Amino acid sequence: MRWMQYGLMLCGALACSTPTNAQAPGAEVVRLDKSMDALVAPGTVIEKVAGNFKFTEGPMWREGRLWISDVVGDTIFAVSPNGAVEPLLAKAGGYADPPAGSYLGPNAMVTDRDGTVLLAQQGGRKLVRIVPEDGHLVIRPFLDGFEGKRFNSPNDLVFAPDGSLWFTDPPFGLARGDADPAKELPYDGVYRYAHGKLTLAVKDLTLPNGIGFSPDGKWLYVGNSGPRMCVMKYAVGRHGTVATGVPLIEFPNAAEPGVPDGLKIDSKGNVWTTAPGGIRIVRPDGRILGRIKLPEVAANLAWADQGRTLYITARTGVYRLKIATPGVMPLYQR
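Below you will find a few notes about this structure. (Residues numbered from 1 in each chain as written. Predicted model: local features only at pLDDT ≥ 70, side-chain atom pairs only at ≥ 80, totals over all residues. Heavy atoms only, no water.)

Examining the pairing of strand β6 (residues 85–90)
Of all the 6 residues making up β6, 5 are buried; the element is thus mostly covered by neighbouring parts of the structure. In this sheet, β6 lies alongside strand β5 (residues 75–79) in antiparallel orientation, the contact comprising 5 bridges. In the strand pairing of β6, I76 is matched with L89. Here β5 folds back onto β6, and the loop between the two strands holds 5 residues, one of which, G83, carries a positive phi near 95°. (Buried < 20%, exposed > 50% of the residue type's maximum accessible area, 1.4 Å probe, protein only. Helix = DSSP H or I, 4+ residues; strand = E, 2+ residues; numbered from the N terminus. Pairing = 2+ DSSP bridges.)

Below, the structure written as structure tokens:
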């Protein structure tokens, strides 16, 4: 049976939906600044596209569909704009036999220059390459450690405008986090890979997570999931050097669920970051323009349709809304 046929059969189990341009219950665009109207037009609806996953993450727009990782389900899926779901790659997290309910599956994905996909394996503690082979997708090695020591559990990754690959490496895939005896590196780093060389760019964050660049590549943004929840901003110099970071936005004493997790940047340089109580849209100077509330805690975001659509992975569901000011699409696309 072909994968597409199997994927369409799975729609019942995964609660696939046919989007009706109706507002998802509990979803809302909150406008805190009048300039928010130029980013998301008044009256824009937030649709639920698909649901009943276990924990959605790592969204990437590719060949007209949204690829997502189910970190708990240990599977990569493709979600079509009409809500159809197709499983693409099972056992994708790199952990041989993950315990039920564990967060050891695949995470962020990005298309590389050659059209293949790079994947962060949370359980496998490495970056791998997904390539087609004999009509199937298979995993090939890419990066598994730094200076002879294994990564913690690579989480999010992005290509900078100069073509270098950057990724975060928190300890989420280790059972005891930083206290886990399997942890080999003394920090939770942010790395840069360029011209075959891997360098440590940032090592003073406690839980580095989402990562992105300003459209001109001069500023690096990294979400720190805790204990101090914030999004950090770094000036980027020649050859990928970064200056001391400063907080773009902080979330002290947050009472609502959610953390700084995934983030993306729009063409005006605004940062769209998951956070306690919903996604925040923040200007480069730190001013909050608005918030997107969902019925589930948002984990990550992805631009689609040349930046005119925003997809959001939120726990068990996938949501989307139209955008008036385009987002910055990934450097390499298919």
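Notes on the sheet that holds strand β14 (residues 165–168)
The pairing of strands in a sheet happens through backbone hydrogen bonds and is either parallel or antiparallel. On the basis of which strands lie adjacent, the open sheet formed by 4 strands has the order β13-β14-β15-β16 and antiparallel pairing. Both outer strands of the open sheet, β13 (157–159) and β16 (197–202), are each paired with one neighbouring strand and no more. On average, each strand axis in the sheet is tilted by 25° relative to the strand beside it, whichever way the strands run. Bridge count for β13 against β14 is 3 bridges, and the pairing is antiparallel. Residue L157 lies in a different strand from β14, and its bridge partner there is F167. (Axes fitted to C-alpha atoms, helices over the stretch in contact; angles between N-to-C directions.)

Some words on unusual backbone geometry
Cis peptide bonds are those with omega within 30 degrees of zero, and the linkage from G226 to P227 qualifies with -10°. With respect to the helices and strands, P227 occurs in the loop between β18 (219–224) and β19 (230–235). Residue E63 is not a glycine yet carries a positive backbone phi of 50°. Tracing the chain through its elements places E63 in the loop between β3 (56–62) and β4 (65–70). In this structure, H239 takes a positive phi of about 60° despite not being glycine. Within the element layout of this structure, H239 appears in the loop between β19 and β20 (246–250).

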